[in-house]
Amino acid sequence: MIADLATSARRSAGRQYPRTRTIAALVVAGFRRYTTYRQATAASIFTNTVFGYLRCYVLLAAAAGSGLAVTAGYTPQQLATYCWASQGLIGVVMIWGWTDLGDRIRSGDIVADLLRPVHPVTSYLAIDLGRAGHASLTRFVVPMVVGAISFDLHTPQRFATYPLFALSALLGVVVCFGCRYLVNAAGFWLLDVRGVNLVWLFGSSLLAGLAFPLHFLSEWPWLVTGLWVLTPFPSILQAPLDVLVERGSVGQLLGVVAGQAAWAGVMLGICWYVQRRADRKLVIQGG
Amino acid sequence: MSALVIDVRGLRKEFTITRKAGRLRRTRHTVAAVDGIDLRVGRGELLGYLGPNGAGKSTTLKMLTGVLMPTSGEVRVCGLVPVAQRRRLAARIGVVFGQRSQLWWDLPLRDSFELARHIWRVPAADHATRLARFRRELDLDDFLDTPVRQLSLGQRMRSELTIALLHGPEVVFLDEPTIGLDVVSKQAVRAFLTELRDRGDTTIVLTTHDLADIERLCRRLVVIDRGRVVHDGTLGALHERYGSRRRVLVELDEQLSAPIELPGVVQESSSANGRLITFSLDGSTTAGELVGRLASVAQLRDISVQEPAIEDVIARLYASSTTPPHPRRSRP
Ligand SMILES: Nc1ncnc2c1ncn2[C@@H]1O[C@H](COP(=O)(O)OP(=O)(O)OP(=O)(O)O)[C@@H](O)[C@H]1O
Ligand SMILES: [Mg+2]
């Protein structure tokens, strides 16, 4: 057809343009966007730091009071590191308060996302990685520094821990993003996603390793194994925290990170599938 | 020969509406928002897609752009099936839905344009040329560094048009792009669209309730009502169909000695002792012919010609089918 011939000339320009640049630009945009939320960032840093003190004192006191049985093999330094790093990672993986997609589905603005030549999962993920980058320079760094000043933290014994932690935290972001995307995407089918949100809040707070280290449950090994294998939650926080406080040999921790990578793949796959289903039955709200 | 850019056959969209009927019972009605539309649009056409509120215009555009799955019917835009090939289609079309924004709320406007370049993968040189042109034609320079959320409605709409066109789309869908704009902004947008139309390589589908938009921009009008096409043709054809007439007002030095008799010319009224006369013309005689005849029998002081009011003809068209959409099937 004539139309196709004429347009193939226009299209060939697009083909030379590397897709990775598109993704990089979206990552940068996500970062830039969060630099405009200075007050919100400052407020969450403050809250996370205050709660860092609270949690750390409680955890250390509990460990000291009950002896080794409850501490599940953590040294006080490891516990303090666990505490402060998790306070910092909350903002990086962004367990709570991400409603970007859900809001846009409800308002109908999702149309604008669907009218771009980039898969919505890809573009939301890229933007989220930019956001996470911003959070690691702000919401992660500040609590870690405060924690290091006020407490005796665990210093990694192996150099490999640093890059492995970075990788593990990145995978934690991806897994968490996948969960958040799915929770938000429920809005394609349900007008009210509060129920789904509640399940997510419950799961993420208790089972991700935020409320307490999952190793505290080591008396029920089947439960711990089940959590790691059957749910994505430990991959979000417990995994990077284990890497950081060096619970286990390098080999074991590599296994943990590999498990995270598997979960990241599974979650993104589900997101892709769900988005495809949503496309077919999509009803955009509003004229 | 102009290639078909939009090819729609028997397009339908049904919505299921659930209503509460009593304490536990709910009734489900199926309403056809779009009810069997056929539409063919060639390259470079500017199509005015009109209809009263709730006629199904936005619903049609959603299906043409691939964000809404049709209930039945065939749709091809640029040879692609919109929902199934949405992302490929998105690379080749530009869309402005009046109420939705393609811009990044928190970032300066400039950043949205830069991002659009990466998202639509536009070579830097093409991007720069187009952006320079749009900045000039739509007067964007004053607010390029303003965060989008601080833009006024008119500024935002001009920006939306820009971002929809920065990748040089083959087809542009505009759903009420002039809604809520002041006179100056409307004129800027209209002039911009006229220019785009006259370049001839972009197909434009425009939805609007603004009659001046229709008059200035659209050569072809498709009017729909309750999901069906009720008119497809020029504005002239619409006037013809509804018997719209041009009027010629003349002021003479003295009364006419004998009435003017020309085909299709009717003397509608006269006043001031027959010195002010209004004629209405159905098109068989031109205004020039009428004035020529008048000049030969009387002394003309003043003449004015009134084009038929588009309001009237559109209102007549909309009013000629007034029943609200009826439920098709009911299930308990
Ligand atoms: N998501 C939906 N669920 C149920 N009915 C819908 C939905 N979207 C649209 N409709 C109905 O479909 C019909 C057509 O709506 P549409 O938005 O296409 O009208 P429109 O021609 O764009 O009107 P307007 O000029 O007011 O923008 C309306 O009767 C509307 O109530
Ligand atoms: Mg509409």
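Residues numbered from 1 in each chain as written. Chains lettered and ligands numbered in written order. Predicted model: local features only at pLDDT ≥ 70, side-chain atom pairs only at ≥ 80, totals over all residues. Heavy atoms only, no water.

Visitor: Tell me about the overall build of chain A, and please be specific about residues and values.
Guide: Counting its regular elements, chain A contains 14 helices and zero strands. When its helices and strands are written in sequence order, chain A yields α-α-α-α-α-α-α-α-α-α-α-α-α-α. Computed over the C-alpha atoms, the radius of gyration of chain A is 21 Å, within 12% of the 19 Å expected from 2.2 N^0.38 for a compact globule of 287 residues. The dimensions of chain A, computed from C-alpha atoms along their principal axes, are 80 × 40 × 40 Å. Of all 287 residues assigned to chain A, the portion counted as buried reaches 52%. Of the contacts made within chain A by residues no fewer than 6 positions apart, 83% connect residues no fewer than 24 positions apart. Each charge class in chain A was averaged separately, 22 positive and 12 negative side chains, and the resulting centres sit 8 Å apart. (Helix = DSSP H or I, 4+ residues; strand = E, 2+ residues; numbered from the N terminus. Rg over C-alpha atoms; globule rule 2.2 N^0.38 Å. Buried < 20%, exposed > 50% of the residue type's maximum accessible area, 1.4 Å probe, protein only. Contact = heavy atoms within 4.5 Å. Lys, Arg positive; Asp, Glu negative; His and termini not counted. Charge placed at Lys NZ, Arg CZ, Asp CG, Glu CD.)

Visitor: For the sheet that holds strand 5 (residues 93-97) of chain B, give the residues involved together with the corresponding values.
Guide: Residue and element names in this part refer to chain B. Here six strands make up an open sheet; going across it, the order is 5-6-7-3-8-9 and the pairing mixed. What marks the edges here is a single partner per strand, and that holds for strand 5 and strand 9 (228-233). In this sheet, neighbouring strand axes are inclined to one another by 15 degrees on average, regardless of whether the strands run parallel or antiparallel. Pairing geometry for strand 8 (residues 220-225) and strand 9, over five bridges, is antiparallel. Residue pairing across strands places aspartate 225 opposite arginine 228, the latter belonging to strand 9. (Pairing = 2+ DSSP bridges. Axes fitted to C-alpha atoms, helices over the stretch in contact; angles between N-to-C directions.)

Visitor: I'd love a proper account of the site of ligand 1, names of residues and values included.
Guide: Around ligand 1 there are 14 residues in total, and Gly54(B), Lys57(B), Ser58(B), Thr59(B) and His209(B) lie nearest to it. In this structure ligand 1 sits where residues from chains A and B come together. Here Gly54(B) contributes a backbone N or O atom positioned 2.8 Å from an oxygen atom of ligand 1. At 2.9 Å from an oxygen atom of ligand 1 is found a main-chain nitrogen or oxygen belonging to Gly56(B). In the complex, 72% of the free accessible area of ligand 1, which totals 630 Å², lies under the protein chains. (Near = heavy atom within 4 Å. Polar contact = N/O pair within 3.5 Å; in protein donor to acceptor, adjacent residues only side chain to side chain. Areas by Shrake-Rupley, 256 points an atom, 1.4 Å probe, with all protein chains shown as cover.)

Visitor: Go over the pairing of strand 1 (residues 4-20) of chain B, please, and point to the residues and values.
Guide: Residue and element names in this part refer to chain B. When strand 1 meets strand 2 (residues 26-42), the two strands line up antiparallel, connected through 14 bridges. Opposite isoleucine 17, over in strand 2, you have histidine 29 as the bridge partner. Hairpin connection from strand 1 to strand 2: five residues lie between these consecutive antiparallel strands, with glycine 22 at a positive phi of about 95 degrees.

Visitor: Quick rundown of the packing of aromatic side chains? Include the residues and the values.
Guide: Residues and elements named next belong to chain A. Under the counting rule described, the total for this entry stands at 17 aromatic pairs over all chains. A ring pair is formed by tyrosine 74 and phenylalanine 216, whose centres lie 6.3 Å apart and whose planes are at 75 degrees; its orientation type is edge-to-face. Here phenylalanine 216 lies in the loop between helix 10 (194-207) and helix 11 (221-230) and tyrosine 74 lies in the loop between helix 4 (68-71) and helix 5 (76-94), a separation of 142 residues in the sequence. Tyrosine 74 gets classed as buried once you look at its relative accessible area, which sits at 4%. Residue classification places phenylalanine 216 among the partly exposed residues on the basis of a relative accessible area of 23%. Where phenylalanine 177 meets tyrosine 181, the ring centres are 5.6 Å apart and the plane angle is 50 degrees; that geometry is what we call tilted. Residue phenylalanine 177 and its partner tyrosine 181 are located together in helix 9 (residues 161-185), separated by four residues, close to a single helical turn. (Phe/Tyr/Trp six-rings, centres within 6.5 Å; stacked < 30°, edge-to-face > 60°.)

Visitor: So what's going on with helix 6 (residues 183-199) of chain B? Residues and values would help.
Guide: Residues and elements named next belong to chain B. With 17 residues, helix 6 extends 24 Å from end C-alpha to end C-alpha; this agrees with the ideal 24 Å at 1.5 Å per step. Every buried residue of helix 6 is listed here: Ser185, Val189, Arg190, Phe192, Leu193, Leu196 and Arg197. Here the buried residues of helix 6 occupy an arc of 160 degrees about the axis, which is enough to place them on one side. The exposed set on the far side of helix 6, more than 90 degrees from its buried face, consists of Val183 and Val184. Residues of helix 6 that are buried make contact with strand 3 (46-50), helix 4 (124-138), helix 5 (153-165), strand 6 (171-175), strand 7 (203-207) and helix 7 (211-217). N-capping of helix 6 is provided by aspartate 182, with a side-chain oxygen placed 3.1 Å from the backbone N of valine 184. Following helix 6 by one or two positions, glycine 200 adopts a phi angle in the positive range, close to 85 degrees. (Expected span 1.5 Å × (residues − 1). Arc of directions from axis to C-beta.)

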